[in-house]
Each structure stands twice: as C-alpha cells, then as structure tokens.
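Secondary and tertiary structure notes
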Amino acid sequence: MATIKDIGVAAAINILSAFIFLVAFAILRLQPFNDRVYFPKWYLKGLRSDPAHSGAFVRKFVNLDFRSYLRFLNWMPDALRMPEPELIDHAGLDSAVYLRIYLIGLKIFVPIAFLAWAMLVPVNWTNSTLELAKLNNVTSSDIDKLSISNIPVKSQRFWGHIVMAYAVTFWTCCVLLKEYAKVASMRLQFLASERRRADQFTVLARNVPPDPDESVSELVEHFFLVNHPDHYLTHQVVYNANKLAKLVKKKKKMQNWLVYYKNKYSRNNSERPFMKTGFLGLWGNKVDSIDHHESEIEKLSKEITAERERIAEDPNSIMPAAFVSFKTRWGTAVCAQTQQSRNPTIWLTEWAPEPRDVYWPNLAIPYVSLSVRRLVIAVAFFFLTFFFMIPIAIVQSLASLEGIEKAAPFLKPVVEKAFVKSLIAGFLPGIVLKLFLIFLPTILMIMSRFEGFISLSSLERRAASRYYLFNFVNVFLGSIITGSAFDQLDSFIHQSASDIPKTIGVAIPIKATFFITYIMVDGWAGIAGEILMLKPLIIYHLKNFFLVKTEKDREEAMDPGSLGFNTGEPRIQFYFLLGLVYATVTPAILPFIIIFFGFAYVVFRHQIINVYNQEYESAAAFWPDVHGRVVTALVISQVLLMGLLSTKEAAQSTPFLLALPVLTIWFHRFCKGRYEPAFIRYPLQEAMMKDTLERAREPHLNLKGFLQNAYIHPVFKASEDDEDEEEVFDEKWESESVIVPTKRQSRKNTPVPSRVSGASSPPSPPETVQEHSQP
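What about the overall build of the protein?
Counting its secondary structure elements, the protein contains 34 helices and 6 strands. By the burial criterion, 51% of the 775 residues in the protein qualify as buried. Long-range pairs, those at least 24 residues apart, make up 82% of the contacts in the protein between residues at least 6 apart in sequence. When the accessible area of the protein is evaluated, it comes to approximately 36,700 Å², of which 63% is carbon and sulfur surface.

Brief notes about the nonpolar core
If you look at the biggest cluster of nonpolar residues, it comprises 151 residues, and the most contacted ones within it are Y102, F476, Y582 and W623. Take this core: its biggest share by element is 15 residues, from helix α7 (residues 93-125). Apart from residues no more than four positions distant in its own chain, F476 is found in contact with N471, F515, F574, L577, L578, V581, Y582 and L640. Residues V208, L225, L247 and I290 belong to the second largest nonpolar core, which totals 33 residues.

Focus on the state of the cysteines
Taken as a whole, this structure holds 0 disulfides when the rule is applied. Lacking any disulfide linkage, C173 is separated from the closest cysteine sulfur, that of C174, by 7.2 Å.

Looking at the sheet that holds strand β5 (residues 318-326)
Within the open sheet, the 4 strands sit side by side as β2-β5-β1-β6. Their pairing is antiparallel. Here the strands that pair on one side only, and so sit at the sheet edges, are β2 (232-239) and β6 (348-351). Strand after strand, the sheet turns through a mean of 25° between neighbouring axes, direction not considered. In the sheet, strand β1 (residues 202-206) pairs with β5 via 5 bridges, with the strands oriented antiparallel.

Structural notes on the confidence of the model for the protein
In the predicted model, the protein carries a mean pLDDT of 81, and 81% of its residues have values of at least 70. Segment residues 723-740: pLDDT under 50, and 42 contacts once partners within four positions in sequence are set aside and those in other chains are kept. With pLDDT under 50 throughout, residues 745-775 is counted as low confidence; its partners more than four residues away or in other chains account for 69 contacts.

Comments concerning the environment of Q189
With respect to the helices, strands and loops of the structure, Q189 is situated in helix α9 (residues 158-193). For the pair Q189 and E686, spaced 497 residues apart in sequence, the C-alpha to C-alpha distance is 9.8 Å.

Comments concerning the packing of aromatic side chains
Applying the stated criterion to the full structure yields 40 aromatic pairs. Centroid distance Y102 to F604: 5.6 Å. Interplanar angle 15°. Geometry classified as stacked. You can see Y102 sitting in helix α7 and its partner F604 sitting in helix α28 (residues 590-610), a full 502 residues away along the chain. The class of Y102 is buried, set by a relative accessible area of 1%. Residue F604 is classed as buried on the basis of its relative accessible area of 4%. Residues Y575 and F596 carry aromatic rings whose centres are separated by 4.0 Å and whose planes lie at 40° to one another, so their mutual orientation is tilted.

Let's talk about the pairing of β1
Along β1, 5 of the 5 residues are buried, which leaves the element largely enclosed by surrounding structure. Of the two faces of β1, the one lined by T202, L204 and R206 and the one lined by V203 and A205 are each fully buried. Both β1 and β6 contribute to a ladder of 4 bridges, which runs antiparallel. Residue pairing in the sheet places V203 in a bridge with W351 of β6.

Description of the packing of helix α6 (residues 84-91) against α7
Between α6 and α7, the shortest axis-to-axis distance is 7 Å and the interhelical angle comes to 135°. Viewed along their axes, α6 and α7 adopt a mutual orientation that is oblique. Residue-level contacts link E84, L87, I88 and A91 of α6 to L93, S95, A96, L99 and R100 of α7. Its residues assigned to classes, the contact of α6 with α7 comprises 6 nonpolar, 1 polar and 2 charged.

Observations concerning unusual backbone geometry
A positive phi angle is found at W347, which is not glycine, with a value near 50°. One non-glycine residue, A619, lies in the positive phi region at around 55°. Position of A619 relative to the elements: it lies in the loop between α28 and α29 (623-647). By relative accessible area, which is 3% here, A619 ends up buried.

Focus on the environment of M688
By the secondary structure assignment, M688 is in helix α32 (residues 684-697). With a relative accessible area of 36%, M688 lands in the partly exposed category. Once the C-alpha coordinates of M688 and G331 are considered, the two residues, 357 residues apart in sequence, prove to be 9.1 Å apart. Residue contacts for M688: discarding those within four places in its chain leaves W330 and R695.

Focus on helix α1 (residues 4-28)
In a regular helix each residue adds 1.5 Å, so 25 residues correspond to 36 Å; α1 covers 36 Å between its end C-alpha atoms and thus fits that length. Buried residues of α1: D6, I7, V9, A10, A11, N14, A18, L22, F25 and A26, and no others.

With respect to the packing of helix α19 (residues 428-436) against helix α24 (residues 512-532)
Here α19 crosses α24 at 60°, and the two axes come no closer than 8 Å. In terms of their interaxial angle, α19 and α24 are classed as oblique. Relative to α24, the crossing made by α19 is right-handed. Of the residues in α24, those touching α19 at P429, G430, I431, L433 and K434 are F514, T517, Y518, V521 and D522. Considered class by class, the residues forming the contact of α19 with α24 number 6 nonpolar, 2 polar and 2 charged.

Section: a nonpolar patch on the surface
A surface patch of nonpolar side chains, amounting to about 810 Å² of accessible area, comprises L375, V379, F382, F383, F386, F387, I390 and I394. Broken down by secondary-structure element, the contributors of at least two residues to the nonpolar patch are α14 (370-387) and α15 (389-398). Ranked by the residues each element gives to the nonpolar patch, the list is headed by α14, at 6 residues. Within the secondary structure, I390 sits in helix α15. Taking the relative accessible area as the measure of exposure, I390 reaches 48% and is therefore partly exposed.

Topic: the side chain of N362
Mapped onto the fold, N362 is located in the loop between β6 and α14. What makes N362 buried here is its relative accessible area of 5%. Look past the residues within four positions of N362 in its chain and what remains in contact with it is R206, R449, G452, F453, I454 and L459.

Quick word on the pattern of salt bridges
Under the defined criterion, the tally for this structure stands at 25 salt bridges. Here R272 makes a salt bridge to D291, at a shortest N to O gap of 3.4 Å. With R272 in the loop between α11 (242-267) and β3 (274-276) and D291 in helix α12 (residues 289-313), the pair connects residues that are 19 residues apart, well separated along the chain. By relative accessible area, which is 42% here, D291 ends up partly exposed. Shared partners join several salt bridges into a network, and the residues in it are E194, R197, D199, E354 and R356.

The rules behind these values
- Residues numbered from 1 in each chain as written.
- Predicted model: local features only at pLDDT ≥ 70, side-chain atom pairs only at ≥ 80, totals over all residues.
- Heavy atoms only, no water.
- Helix = DSSP H or I, 4+ residues; strand = E, 2+ residues; numbered from the N terminus.
- Buried < 20%, exposed > 50% of the residue type's maximum accessible area, 1.4 Å probe, protein only.
- Contact = heavy atoms within 4.5 Å.
- Areas by Shrake-Rupley, 256 points an atom, 1.4 Å probe, with all protein chains shown as cover.
- Core = buried A, V, L, I, M, F, W, Y, C linked by side-chain atoms within 4.5 Å.
- Disulfide = S-S within 2.5 Å.
- Pairing = 2+ DSSP bridges.
- Axes fitted to C-alpha atoms, helices over the stretch in contact; angles between N-to-C directions.
- pLDDT = per-residue confidence, 0-100.
- Phe/Tyr/Trp six-rings, centres within 6.5 Å; stacked < 30°, edge-to-face > 60°.
- Parallel < 35°, antiparallel > 145°, perpendicular 65-115°, else oblique.
- Nonpolar A, V, L, I, M, F, W, Y, C, P; charged D, E, K, R; others polar.
- Expected span 1.5 Å × (residues − 1).
- Left-handed = near helix turned anticlockwise from the far one by under 90°.
- Patch = residues over 30% accessible without salt bridge, like charges linked within 9 Å, V, L, I, M, F, W, Y side chains within 5 Å.
- Salt bridge = Lys/Arg side-chain N within 4 Å of Asp/Glu carboxyl O.

So this is what it looks like as structure tokens:
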C-alpha cells in the first residue's frame, strides 16, 4: 500500500525521468545531423532543407551556437503559437480534433478539481474512520484519508458526494455537448472547403452478384449505367493482388540489402562482401553478397512480371467488388447512402475511403466471410481479455513488497530499506503494468486486420475500442478486484460474511494510490519519452549510414510516424475513466490527471506540427467514438458510486443517484440523434452546393482523368525503378480492362454501345485539367 512518502518518491523519479528526456530532446533536436528526425514533416512538405553551415567540419554535425542551448524549452511556446485554422491546413482536421480531446480533459477536470478539493477533501479528511479500521487489520495510508473511505457508515456527509456527482455529471455533459456541436461544425466546414479528392466522388460497391454472361467489370458498368444513368462516370474493379504485393515488398527488401553491400564494398574495394544463405546468415553456402542479391532481384522481377500477367488474365483474380466513381458529389452521396437492390445483401455501397486510407490486403477477403471472421475475433478477444487478467494479477502481486519477500526471501534486507521500499511501492507496480501491456496494441491491430476492415482509419478505430474495453476490464477492474482481494485477504478471513461488502467498499477507493503511480509512469515519463523519439532516431541514423546514397534514399529513411489513434485515444480515455470515477471518491488523483492532459497537449501539438505525417484524413470521423466512451466512463462512475454508497449503508441518500445514469444515457441519445449524422452521412444540400460552385469555377474540368487511376492498387502503378516493365504491363492492363457492350439479351435498357470507359486508362493528369472540346 503506497503512502504519501512512496508517492513522493515515485513522483520524484518520474519528474526526473521526464526532465532528463526533455533535456535530451532539447539538445538532440538542435544538432544538424538530427534535423530530419525531429522536423521530418517540414522536409516532406518541401519547406525545409538540410542545415548549411560554413566553417569547421564539425559544424555540419554539432550545433556550436551555445546561445541556442539557453532557449532549450522554446519548443513549448512554439508548439502553442500556431492557431487552430492554420493547424488544420498544416496537419489536417483529424490531428486538430485529436488535440481537442486533451483540451476537453482540461476543461472537464480543472473546474472539477477545484470544486472537489474545496468541498469533498475537507469532508473526507475530518473523520477518523480509517484510524479505527486499522484496528481490524484493514490496510490504509495517509493519502486514503482524503477519500470517501474515511467517512463512517450512515453518515450525512455522503450528501456532499451526491451533490458532487450531480455537479460532475452536469459539467461533463455541458462540455461534451459544446464540443460535439463544435467538432460537427468543423467537420462540415472542412468538407465544404476541402479541395477536390477522389473519395468525394467514389463509392465502394461490394458483394457484386455473379453472372455467367458478364465479367465483374461489365456487370458493374451496366448496373450503374441503368440505375444511375445521369451520374455514373467510371469504375475500377478490385483485384486480389496480395501475392504480388508480397513479392514487391520482398524485392524492395532485397534492394535495400544490395545498396548496403554496395556501400560497404565502396568503402573497402580490397575485399568483396560475402554472406551465408542460411537462416539469418548463420549457416549455408558462402556466396558473394552483391552477386547473390542481384540474382535474387532479377528472379523476383521475373516473378513479379509473371504474377502481374496472371492477375490481368485470370478472372478468378477479380473480386466481386469495385470502386465506382460519379460525375458529382450529389450523385455519389445518393448512391453511398441508399439501398441499390431489392435484395439488401447484394450491391452493397458505402463511401470509399480516400486512396491512401485503403487497406488493400483486406479488399481481397470475400464479403460473405466477414461475419464469420468477426465472430471468431469476438470470441478470441473475450478469452484474451479475461485470461489476461490472470498474469496481470500475478505480476501485480509479485511487484509488491509482500510478493517480492515471498518470492525471494533473501532480498528482504534490501527491500526493507526506506528508499527501496518507497521505490517498490510507489514506482514498480506502475512500470510493471506498463511493460506488461507493451505488445497489446499490436495484437489488437492484428485482430482488426483479420476481421476484414478495408481502411486504416476503421482498423484503428476498431483496435482503439477493443483497447479501451481491455483497459477497463483488466487494468481498471482487474487492478481493483485483484488488489482488493490480495490487500484485504487477512481481513476477509477473520471477519463475518456480512462485513465483507463493507471491507470491499473501503478497499476500492484505496486503489487510487496505485493508479496515481501508474499515471506518473505512463502519463508523465511516458509522454516525455514520446517526444524524445529514441527509436526513430536510432533507425534513421542506421539507415543513413548503411543504405542512403541519394536524396530520395534519405527521405525514405525518415520515419515521421503518425498519431496512432489505436493506442493514443484509449490511453486518453483511460484517464477520463479514472478522473470521473475518482472525482467523487478520491479527489487527490485529479491533479495528476490534469498534469497529464496539459503536458500531453503541448507534446503532441509539437509532434503534429513538426513530426507526424498522418497516413489518412477521415475529417474527424472518430469523434462519435470519443464522445461515446467519455459518456460510458461517466455512467460507470455513477454506477460504481451507487455500489460504494450501498456498502456504506447510505440508504437515504443513495436512491438520489438513480436518476444520474438515466439522464446521462438520455443525453447521449440526444447527442447521437442531433450530431452523429454529420459523421456518417453527407448532406445532399452540402453536396449540391459544392458541385455547383465547382462547375461555376471550373466548367471544363476533366473529372474522369482525375478519377480513373485513383483507386488502382499501388503495386500496379508505375514506379521509377521499373518504368519500362510497368509501361509494357500498363498497356496490357488497359487492353484487358476495356468495357464491352453487354452480352445479355435480357437487358434491353442498357445503353449500347457503352461510352463510359473502364477503370484503367493513361495516368491521371493534375487536379485541374482544362479541355478544349467536350464529347
């Protein structure tokens, strides 16, 4: 059980760690040879170049301007200086709205913390319940005197906690309502002012029914020509190119190794590099590294060409799905938001993700198998969540003083020392839990991929929802339940069954000390470690030394990363959960959470401005999930407070809490009906306005040229390295994809011959192309 002294030691360690990380970052970011690591976004935008220093050779690598080191914290005000509209133009709406989640945390918890410390802390502190409970072997610490555990049963003071619960609910709902309206308005404004994008004119049609007379491409064209004759423009069928993508990836890896060995040989011409062909180069035939990789690349090039030809010629490589593009946003919105057939299981249409958001491997998954896949993953996630609680409970128990002394008795003289004891009680449980969960995001992302989601944004949102549920069950409930069971085991054994609920009611708020230590490890030192970017720094310099030969190689060596919604948002939501649950139970936790939200806001604002290069832009489509999870945390806090007060025999005051979950759920349903449609549907009025403005400004726009190649699989697009090979293939691809008149005599109303070309044609021109003649 962590005491105030233990928490003080943990705070000192984490503050010192954070300070060391920040100082190291401030020094490293000033060095010229690290410029591409800490400012990659500006390089990718073409607005920054490598620092040029004249004079001594060392100036190219080390910043010798000592005055700059005196301003090592200038990055903080710089990060806050950029206004939000400029931030949206610079980084996108997703990044700007993501930062607003941290601001919501500050808006909610700063007023609540002042109110709780002014009203509840005096109410909790001026009691002696825990002092008397120590006589019955119930463990507690001085910090627990600030919690509701220190109030005796049947006390009238519980009215203060009920009033506080109503205040927390009212204020949280007000902030959420205002933010939902603001973000919905920002999304509509962003979509209205956004430049032309392929996904604004494109839907994804799935589960195309098989037809013995027509290919998938012909069937798609004829269906949309008949049912959307005034708006259909072109389409691109979906190919199963997963094997080809693996070959291309393997070839790229081989090319990187070839560059490495050539660079190695250029530094020492007297000796050719050799390698073994076995596992990890540990055994096998010894061969010349350069010759071996050149021959392997040549073999892969032939395999890639053969696989491309097979895909183009094999009808089985075409999936029953297609990206269908329309002449107007209005026509696209109508198609994406309506049922296309009397059979609701075929011709399923949805908004297409933007091309860089498409997760191409999952497009090859048959639509009919998606339900089975999601059922399998739901079962797997159930077992992962509940069986993961066992090792977490074991590790948590071993990370305590009693656990260490029991597992390793010979360490008892060491752990009994005051500083070591404080270190173990205040720091070790949090860091152990943090390390134990390090691989969880990867596991959850693999599960999401297996489910078959077709966009990176939907993959991250699904992984985030599962991560949040996992944190709630294992980290929150698991820590409370297992902690209560282990800490109060002696008390359970020596008391009657009727007293056990009272002991649990006292033990739940006592676990706030553990969560305080976890917040400091994860939310203070962890956030400071995020800005240091130690892993990208090491990887960049390794690539720069071994692989980089040209400026293009140097750009590819940069790894700016992205926000990581699947890991970052569940972390934020966990702090919302802790803050809302403990606001009326143990207000002492609120200052630690406020520091997290403020510090994380500054750090991630800096990263978004200078580092992260977002992989996609969803126009804040994730906000309904964010809002829903905060509301869920609010309801959980209300239910837990009712359960806690019931163990305190507060029969007169507890019923007044029953209205809170009902009102909160009603509030959520109101917000869902009022604002959520802006995130899942596109208003036809907005679409028509944008189409009208575009026609007035660009009456001769060649929209087909802009859209035709937007949704071709990346492995089919010509690259600079294989330009000749791709050119030959593209010619064949075009000839294979030409749409022909229908062969089905029953379709008398299909326009013949078709004047709408197939999906592939010469590469798309720039965004705006003026035509001198119209068909």
